[in-house]
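An overview of the molecular structure
Take a look at the letters that make up each chain.
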2 protein chains.
Amino acid sequence: MAKDRKIDLVILGLLSHEDLTGYDIKKRIDGSISFFWKGSFGSIYPALNEMEKSGLVKKKEAKKSSGREKIMYHITAAGRKVLADWLKDEQASNDLKYETLLKIYFGGSEDKAVTICNIEAFEKQIKENLELLKLYKENLESVLDEEGHINYYLTVTFGIDTYEAYLKWCTKAKKLLKGRR
Amino acid sequence: MAKDRKIDLVILGLLSHEDLTGYDIKKRIDGSISFFWKGSFGSIYPALNEMEKSGLVKKKEAKKSSGREKIMYHITAAGRKVLADWLKDEQASNDLKYETLLKIYFGGSEDKAVTICNIEAFEKQIKENLELLKLYKENLESVLDEEGHINYYLTVTFGIDTYEAYLKWCTKAKKLLKGRR
DNA sequence: CTCACAATATATCAATTTGATATATTATGG
DNA sequence: CCATAATATATCAAATTGATATATTGTGAG
């Protein structure tokens, strides 16, 4: 096993654009990336320490005069190599864990209202996130020609397209359930 | 924390229909459920043991005359209660972890061909799974009136609708990348 | 018929990840 | 000027994965 640590690649990917602290990395992951990946402090800080030991990143302890410790990380050439190799490897694990679908799947013996309620909660979640994604898209459309922005744009449109498909399915599903009550 | 064990609910959901062994449970999870949830032996067997201790399931050690040990599990009333409460609770964690999107997001500085390659690998994965889902759907359409089958059907159409949206996005994305090479 | 291989079956382990919590500092709004 | 939010690092138990160990039963090719 070992070297299944996907968080390493997320961190290296982020550091390939700019130097960041662990806290910064968490903020980036919680931003536009959060639609297709997650990451917690509990994985970020240990990963940074281990990658520093193995030479993929370098510490740049930017201690302010009086301030609290603040460890800035910088990607090394070795780190860039690991990142590039991963990008060129076309195999990818794409995993979905949707508790809503689990509840629908197992909710067949319950009253149909229970399933409808679960679909409506999902619908609400998706609508909120869709609004956010549409904002990202708008802001991106003006800077699409800048280096790397098309790729960022593509992940946003992926989110929008799938969320819109989800909402259409919600409408269809509720209609089907109500028709057969 | 504690009681974040989603695998418990998957197991209880499966046992609410029929008695199963841990091995059977793994097979069910790897079937039609695998499109929206995963589960490994390493989580199933410990969960079964702990749920037996807490009285949510009961062992029915169906030792064949000569055969190897085979532990059949049966859901208890307490187990059904836990399952029903979970189904009625509308909050749900819906998490997507798509390494492909991560590679697209971070692939902006690489050659566009790298991103296209990653999209094509994804496209292939999705096409294969879509064929499977369409087979499930066909088989279900004739038994849609049976108890609980609409719910199963809905999860399958969810998969089909989103996978079709993915494929449309793949075509669009490749066109956009090639146009701007 | 038999032998290798696939399928059935349970169990455990290291590595990974989550989600929570602990701790401390700095900025800010009422 | 004080409470709260934001910044910042770190650690831990619990959950999960993916691999591996072990053993039995069914089956198809020779």
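Reading guide: rules and limits
- Residues numbered from 1 in each chain as written.
- Chains lettered and ligands numbered in written order.
- Predicted model: local features only at pLDDT ≥ 70, side-chain atom pairs only at ≥ 80, totals over all residues.
- Heavy atoms only, no water.
- Salt bridge = Lys/Arg side-chain N within 4 Å of Asp/Glu carboxyl O.
- Helix = DSSP H or I, 4+ residues; strand = E, 2+ residues; numbered from the N terminus.
- Buried < 20%, exposed > 50% of the residue type's maximum accessible area, 1.4 Å probe, protein only.
- Core = buried A, V, L, I, M, F, W, Y, C linked by side-chain atoms within 4.5 Å.
- Contact = heavy atoms within 4.5 Å.
- Buried area = accessible area lost by both parts, 1.4 Å probe.
- Polar contact = N/O pair within 3.5 Å; in protein donor to acceptor, adjacent residues only side chain to side chain.
- Nonpolar A, V, L, I, M, F, W, Y, C, P; charged D, E, K, R; others polar.
- Pairing = 2+ DSSP bridges.
- Domains from an automatic or database assignment.
- Least-squares fit on C-alpha atoms with pLDDT ≥ 70 in both.
- Phe/Tyr/Trp six-rings, centres within 6.5 Å; stacked < 30°, edge-to-face > 60°.
- Lys NZ or Arg CZ within 6 Å of the ring centre and 35° of its normal.
- Disulfide = S-S within 2.5 Å.
- Axes fitted to C-alpha atoms, helices over the stretch in contact; angles between N-to-C directions.
- Parallel < 35°, antiparallel > 145°, perpendicular 65-115°, else oblique.
- Left-handed = near helix turned anticlockwise from the far one by under 90°.

Residue and element names in this part refer to chain A. For the structure on display, the rule yields 28 salt bridges over all chains. The partner of R5 in a salt bridge is E50, and the shortest N-O contact between them spans 3.1 Å. Placement of R5 in the segment before α1 (6-15) and of E50 in helix α3 (residues 41-53) is noted, with a sequence separation of 45 residues between them. Judged by its relative accessible area of 30%, R5 is partly exposed.

This brings us to the nonpolar core. Ranked by internal contacts, the top residues of the largest apolar core, which has 108 residues, are F36 and Y166 of chain A together with F36 and Y166 of chain B. Residue contacts for Y166 of chain A: discarding those within four places in its chain leaves L96, Y98, F122 and I126 of chain A together with L96, F158, T162 and Y166 of chain B.

On to the interface of chain B and chain A. Many authors give the size of an interface as the accessible area that is lost as the parts come together. Of the residues lining the interface, 68 residues belong to chain B; the matching set on chain A comes to 68 residues. Summed over both partners, the interface of chain B with chain A buries about 7,200 Å², with 64% contributed by carbon and sulfur atoms. Per-residue buried area on chain B facing chain A is highest for Y105, F106 and F158 of chain B; these three make up 11% of the total on that side. Joining chain B to chain A, the criterion identifies eight salt bridges. Between K38 of chain A and D95 of chain B there is a salt bridge, and its shortest N-O distance comes to 3.4 Å. Put simply, chain B and chain A have 40 residue pairs in polar contact (both at pLDDT 80 or more) between them. Every element with two or more residues in the side of chain B that touches chain A is listed here: α1 (6-15), α4 (77-88), β3 (94-98), α5 (99-106), α6 (112-141) and α7 (149-179) of chain B. Per element, the largest residue contribution to the side of chain B that touches chain A is 17 residues, and it comes from α7 of chain B. Looking at the side of chain B that touches chain A, its residues break down into 34 nonpolar, 18 polar and 16 charged. Of the strand pairs in this sheet, strand β4 (residues 94-98) of chain A and β3 of chain B are connected by five bridges, and their pairing is antiparallel. Its bridge partner being in β3 of chain B, K97 of chain A is matched across the sheet by D95 of chain B.

Residues and elements named next belong to chain A. Along its sequence, chain A is carved into domain 1 (6-88) and domain 2 (99-177). Of note, the centres of domain 1 and domain 2, computed from C-alpha atoms alone, are 29 Å apart. Contacts between the two partners involve four residues from domain 1, matched on the other side by seven residues from domain 2. Both faces combined, the contact of domain 1 with domain 2 buries some 410 Å², and carbon together with sulfur accounts for 77% of it. Among the residues domain 1 hides against domain 2, the three largest losses belong to S32, F35 and F36. Together they make up 95% of the total. Along the contact surface separating domain 1 from domain 2 lie zero salt bridges. Summed over the shared surface of domain 1 and domain 2, the number is one residue pair in polar contact (both at pLDDT 80 or more).

On to the relation of the copies chain B and chain A, then. Least-squares fitting of chain B to chain A yields an RMSD of 0.0 Å, with the transformation described by 0.0 Å of translation along the axis and a rotation of 180 degrees. Look at the turn and shift together and you get a two-fold axis relating the two. Proximity to the rotation axis, assessed at the C-alpha, singles out L96 of chain B in chain B; its C-alpha lies 2.3 Å from the axis. The fraction of interface residues of chain B whose copies in chain A are also interface residues reaches 100%, indicating that both copies meet through the same surface.

Glancing now at the packing of aromatic side chains. Evaluated as defined, the whole model comprises 30 aromatic pairs over all chains. An aromatic cluster is built from F35, Y98, F122, Y136, Y163, Y166 and W169 of chain A together with F158 of chain B, whose rings are joined through pairwise contacts. The ring of F41 of chain A has K26 of chain A lying over it, and the distance from NZ or CZ to the ring centre is 5.8 Å.

So, on to the state of the cysteines. Working definition: the covalent bond between the sulfur atoms of two cysteines is a disulfide. Counting across every chain of the model gives zero disulfides over all chains. Between C170 of chain A, a free cysteine, and C117 of chain A, which holds the nearest cysteine sulfur, the sulfur-to-sulfur gap is 13 Å.

What follows deals with the packing of α1 of chain B against α4 of chain B. Residue and element names in this part refer to chain B. At a minimum axis separation of 10 Å, α1 and α4 run at an interaxial angle of 115 degrees. Here α4 runs roughly perpendicular to α1, going by the angle between their axes. With respect to the hand of their crossing, α1 and α4 are arranged in left-handed fashion. Facing α1, whose interface residues are L9, L12 and G13, α4 presents G79, V82, L83 and W86. Its residues placed into classes, the contact of α1 with α4 shows five nonpolar, two polar and no charged.

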